[in-house]
Structures are given as structure tokens and as C-alpha cells.
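# Notes for the structure review
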Amino acid sequence: MKKLLYLVICIFFSCNNIEKPKKPDGLISKEIMADIMYDVFLLNSAKGVNKKLLELNGVLPEKYVFEKYNIDSTQFANSNNYYAYDTKTYESILNRIKEKIDSKKKEYEALDKVEEAARSKKTDSIRAIRAKAKDSVIKFNKLKPIKNLQKN
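This structure is a prediction, so every number in the text was calculated from the model and none was measured. (Residues numbered from 1 in each chain as written. Predicted model: local features only at pLDDT ≥ 70, side-chain atom pairs only at ≥ 80, totals over all residues. Heavy atoms only, no water.)

### Let's talk about the layout of surface pockets
- In this structure, the largest pocket encloses a volume near 180 Å³.
- The wall of the largest pocket is formed by Ile-36, Val-40, Leu-43, Asn-44, Lys-47, Pro-61, Glu-62, Val-65, Phe-66 and Phe-76.
- If you list the elements that add at least two residues to the lining of the largest pocket, you get helix H2 (30-56) and helix H3 (61-69).
- Element by element, the count of residues in the lining of the largest pocket is highest for H2, at 5 residues.
- Counted by class, the lining of the largest pocket contains 7 nonpolar, 1 polar and 2 charged residues. (1 Å grid on protein atoms, 1.4 Å probe; cavity = no way out; pocket = protein on both sides within 12 Å on 5 of 7 lines; lining within 4 Å. Points joined across faces, edges and corners; volume = space filled by probe spheres on them. Helix = DSSP H or I, 4+ residues; strand = E, 2+ residues; numbered from the N terminus. Nonpolar A, V, L, I, M, F, W, Y, C, P; charged D, E, K, R; others polar.)

### Some points on the nonpolar core
- Within the largest apolar cluster, 15 residues are counted, with the highest numbers of intra-cluster contacts made by Met-33, Ile-36, Met-37, Ile-71, Phe-76, Ile-93 and Ile-97.
- For this core, the element with the highest residue contribution is H2, accounting for 6 residues.
- Other than its neighbours up to four places away in sequence, Ile-36 contacts Ile-28, Val-65, Tyr-69, Ile-71 and Phe-76. (Core = buried A, V, L, I, M, F, W, Y, C linked by side-chain atoms within 4.5 Å. Buried < 20%, exposed > 50% of the residue type's maximum accessible area, 1.4 Å probe, protein only. Contact = heavy atoms within 4.5 Å.)

### Description of the packing of H2 against helix H4 (residues 73-85)
- Contact geometry of H2 with H4 gives a least axis separation of 11 Å together with a crossing angle of 110°. Relative to H4, the element H2 lies roughly perpendicular. At the point where H2 passes H4, the crossing takes the left-handed sense. For the pair H2 and H4, contact is made by Lys-30, Met-33, Ile-36 and Met-37 and by Phe-76, Ser-79, Asn-80 and Tyr-83, respectively.
- Taken together, the residues that form the contact of H2 with H4 break down as 5 nonpolar, 2 polar and 1 charged. (Axes fitted to C-alpha atoms, helices over the stretch in contact; angles between N-to-C directions. Parallel < 35°, antiparallel > 145°, perpendicular 65-115°, else oblique. Left-handed = near helix turned anticlockwise from the far one by under 90°.)

### Considering the environment of Thr-89
- For Thr-89, the location among the structural elements is in helix H5 (residues 87-151).
- The exposure class assigned to Thr-89 is buried, which follows from its relative accessible area of 17%.
- When the C-alpha atoms of Thr-89 and Lys-30 are compared, they prove to be 8.3 Å apart, with 59 residues separating the residues in sequence.

### A few points about the side chain of Asp-39
- Secondary-structure assignment places Asp-39 in helix H2.
- Of note is the side chain of Asp-39, whose polar atom sits 2.6 Å from the side chain of Tyr-69.
- Every residue in contact with Asp-39, bar those within four places of it in the chain, is listed here: Val-65, Lys-68 and Tyr-69. (Polar contact = N/O pair within 3.5 Å; in protein donor to acceptor, adjacent residues only side chain to side chain.)

### Brief notes about H3
- Of the residues making up H3, those classed as buried are Pro-61, Val-65 and Tyr-69. When H3 is viewed along its axis, its buried side chains cluster within an angular range of 45° and face the same direction.
- Buried residues in H3 make contact with H2.
- Positive backbone phi, approximately 55°, marks Asn-70, located one or two places after H3. (Arc of directions from axis to C-beta.)

### Looking at the pattern of salt bridges
- Inspection of the entire model under this criterion finds 4 salt bridges.
- Across the salt bridge formed by Lys-68 and Asp-39, the nearest N and O atoms sit 2.8 Å from each other. Of the two residues, Lys-68 is situated in helix H3 and Asp-39 in helix H2; the sequence distance between them amounts to 29 residues.
- Lys-68 sits in the partly exposed class, given a relative accessible area of 43%.
- Residue Asp-39 is classed as buried on the basis of its relative accessible area, which comes to 8%.
- Taking the shortest distance from any N to any O, the salt bridge between Lys-98 and Asp-102 comes out at 3.0 Å. One end of the pair is Lys-98 and the other is Asp-102, both in helix H5 and 4 residues apart, which spans about a single turn.
- What makes Lys-98 partly exposed here is its relative accessible area of 48%. (Salt bridge = Lys/Arg side-chain N within 4 Å of Asp/Glu carboxyl O.)

So this is what it looks like as C-alpha cells:
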């Protein structure tokens, strides 16, 4: 128990000595940082779902993001450390990401509803054609014996 208490006290005092990171050269703006992190989250999710597909298409998530935003890994890491020190600033960045995810989710759900309606309409059309064809076959089969009788 004494060891645990000692560890907690050490952590408490060591956390108080953490200095705020200096503003790095080439600090990425909060808005761009949110966009970068959104892309990183999205690519990591895609990589988790189908890593092989990304590899086959030559998409390397980190390289893609760095090239897209014209940054390097050091610039990203320094900016991330700078913003992460201030939890309120970092929370605002994460809230922007969440808003963007929610917005995109609503867009895709609306698109999915439109596509589902189109698929349903197409399915209904196919059913109607099949029903009409089935009715035609039934009518043809009913007429067929009569025609056979007339030939004899």
C-alpha cells in the first residue's frame, strides 16, 4: 500500500513540473489540425476494415495525409503536442472532428435512404414484370388446349 501511495505522490509532483511546450515553428492551425486528425481517424478506420484493399491501391495513410496537407511528421507531432497540453483547446479540436463525423454520417445515411428507395423501386418493377409475364404464361396455357382442339 505504501508503494502505491508513493507512486501516486511521485506522479502528482512530476505532473506539476511539466512545462507548457513552446509554440513550434510551423504550428498547424486548429482548423487544419482538426481536418488532419479527421483524415487520420478515417484512414485508420479504413485500414482496420480492409487493410489489404488500401495496400493494393498503394494508399499509405500517413504518407497520404502528410502529402495532402503538405506537412511532415515532425510538424504534426510538434503541433499535436502543443495543442494536447491545453486540454480545452484539444477538446475543441476533437469536438470539430466529432461534428464533421456526425455531419458526414447524416449525409451518408440520407444517400443510403435514396439508394434504398431506388433499389426498392427497381425490385418492385422487376416483380411487376415477372407477375405480368406469369399472367401471360397462364393465359397462354389456358388458350393452348383450345388451339390444339381446333387443329384436329
